[in-house]
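Geometric and topological summary
Now for the letters of each chain:
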Amino acid sequence: MPGRVVLLVTSPRLPAGVLTAQAWDLVRAHPVLAAEESEQAAALRAAGATVAVTPATVDALVAAIAEHGTVVWLAAPDGDERLARELGLRLAREPGLAELELLYGSWDPAGARLLDVVTVMDRLMHPDVGDPWKRAQTHASLAPFLLEEAYELYDAIRDDDAEAVREELGDVLLQVILHARLAEETAGFTVDDVAGDLVDKLIRRNPHVFAGTEVGGIDEIIANWEQIKKAEKSRGSAVDGVALSQPALALTAKLLQRVERAGLDVPPPPPDTLGGRLFAAVADARATDADAEAALREAALTYIETVRTTERRSA
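Residues numbered from 1 in each chain as written. Predicted model: local features only at pLDDT ≥ 70, side-chain atom pairs only at ≥ 80, totals over all residues. Heavy atoms only, no water.

**Remarks on helix H11 (residues 218-233)**
A rise of 1.5 Å per residue sets the reference length of H11, with its 16 residues, at 22 Å; its end C-alpha atoms lie 22 Å apart and thus fit the reference within 8%. Looking at the residues trailing H11, positive phi occurs at Ser234, about 50 degrees. (Helix = DSSP H or I, 4+ residues; strand = E, 2+ residues; numbered from the N terminus. Expected span 1.5 Å × (residues − 1).)

**Some words on the packing of aromatic side chains**
Working definition: an aromatic ring pair is given by the centre-to-centre distance plus the angle between the planes. The tally for this structure, following the rule as stated, stands at one aromatic pair. The interplanar angle of 80 degrees and the centroid separation of 5.9 Å between the aromatic rings of Trp133 and Phe145 together place this pair among those described as edge-to-face. Taken together, the residues Trp133 in helix H6 (residues 132-135) and Phe145 in helix H7 (residues 139-158) connect sequence positions twelve residues apart. On the basis of relative accessible area, Phe145 is assigned to the partly exposed category, the value being 34%. One residue, Arg297, lies across the ring of Tyr154, its end atom 5.0 Å from the ring centre. (Phe/Tyr/Trp six-rings, centres within 6.5 Å; stacked < 30°, edge-to-face > 60°. Buried < 20%, exposed > 50% of the residue type's maximum accessible area, 1.4 Å probe, protein only. Lys NZ or Arg CZ within 6 Å of the ring centre and 35° of its normal.)

**Re helix H12 (residues 248-261)**
Compared with an ideal rise of 1.5 Å per residue, which puts 14 residues at 20 Å, H12 spans 20 Å between its outermost C-alpha atoms and is within 8% of the ideal. If you check which residues of H12 are buried, you get Leu249, Leu251, Thr252, Gln257 and Arg258. Looking at the buried positions of H12, the neighbouring elements they touch are H11, helix H13 (274-287) and helix H14 (292-314). Of the residues flanking the end of H12, it is Gly263, one or two places downstream, whose phi is positive at about 70 degrees. (Contact = heavy atoms within 4.5 Å.)

**Notes on a nonpolar patch on the surface**
Nonpolar side chains collect at one region of the surface, where Val199, Ile203, Val209 and Phe210 lie side by side and expose about 370 Å² of accessible area between them. Checked against the element boundaries, Val209 lands in helix H10 (residues 207-210). (Patch = residues over 30% accessible without salt bridge, like charges linked within 9 Å, V, L, I, M, F, W, Y side chains within 5 Å. Areas by Shrake-Rupley, 256 points an atom, 1.4 Å probe, with all protein chains shown as cover. Salt bridge = Lys/Arg side-chain N within 4 Å of Asp/Glu carboxyl O.)

**Quick word on the packing of H7 against helix H8 (residues 162-186)**
Helix-helix packing: each pair is described by the crossing angle between the helix axes and the interaxial distance. For the pair H7 and H8, the least separation of the axes is 8 Å and the interaxial angle reads 160 degrees. The orientation of H7 with respect to H8, classified from their angle, is roughly antiparallel. Seen along the crossing, H7 lies across H8 with a hand that is left-handed. Note on element contacts: H8 touches H7 through Ala164, Val165, Glu168, Leu169, Asp171, Val172, Gln175, Leu178, His179, Leu182, Ala183 and Thr186, opposite His139, Leu142, Phe145, Leu146, Glu149, Ala150, Glu152, Leu153, Ala156 and Ile157. Partitioned by chemical class, the residues of the contact of H7 with H8 number 14 nonpolar, four polar and four charged. (Axes fitted to C-alpha atoms, helices over the stretch in contact; angles between N-to-C directions. Parallel < 35°, antiparallel > 145°, perpendicular 65-115°, else oblique. Left-handed = near helix turned anticlockwise from the far one by under 90°. Nonpolar A, V, L, I, M, F, W, Y, C, P; charged D, E, K, R; others polar.)

**Quick word on the sheet that holds strand S5 (residues 98-104)**
Ordered by their spatial adjacency, five strands build an open sheet running S3-S2-S4-S1-S5, and the pairing between neighbours is parallel. Of all strands in the sheet, those bounded by a partner on one side alone are strand S3 (51-53) and S5. Strand after strand, the sheet turns through a mean of 25 degrees between neighbouring axes, direction not considered. On top of the sheet, helix H1 (residues 21-29) reaches strand S1 (3-9), strand S2 (32-34), strand S4 (70-74) and S5; it is set at about 135 degrees to S1, its chief contact. (Pairing = 2+ DSSP bridges.)

Interpretation note: all reported values are geometric properties and have no functional meaning in isolation.
So this is what it looks like as structure tokens:
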């Protein structure tokens, strides 16, 4: 009867010892081999499994199969693909030698690669072996990059370029992780605090999902969100909390939206100045559900193409 080698693959992003019941039954019943000591190997050994360190070679595995019949190979975080491939080729040449089986003892949960982002950032911010440029940054020095990355993401969305959207989302995420890592050293909060606050906010502001609140449609959902937000912020004015650094057209549109939602009747600036006339143009756009910022941007982009066409014709 041929022997058996089980390649046990586990997620490096979960705590050591977190395995399926099937994996635990396997490692308790058969000897476990690994190329090196690890937290996973230590956890298995502490739970009663027999774990031995041996060279990651096909010959070592074949010898173990001959001695024990069934052995478990505890794969490294990369899955030991080279060893698995070489063993598979050997068993294909000698089909009666052993059977090769792959078992996932644990796997990455959704969002697990975010843990990798945090790990990489910790290395980049290490005081001895990290990146001096990143360690020299502050929230203020990074702020222009945050705006730039957000605009690049906006461009990718406008261009309907899914591949670019994916890339630019990563660049925006980099800014979030870097700012949170800086805060860990300067302000006393971490990326986990940021994520925890976000989770709490999402649950609190979506009672129709998490608390069984009945709503009649999207308009009521938005109204509930605004009411909850207003109660959280305890703001004295309808325009408190508006981001003043955003482009002027977008800022004007946001102010008009806040005033409208508050049910206020506030006259606009007089139209006898350029600012007043631009303000009125944004108000007219809102009256037709148009986005003045996006419209002007589109006009500017069209103008760019017109300029290039004119240049080509005159060349």
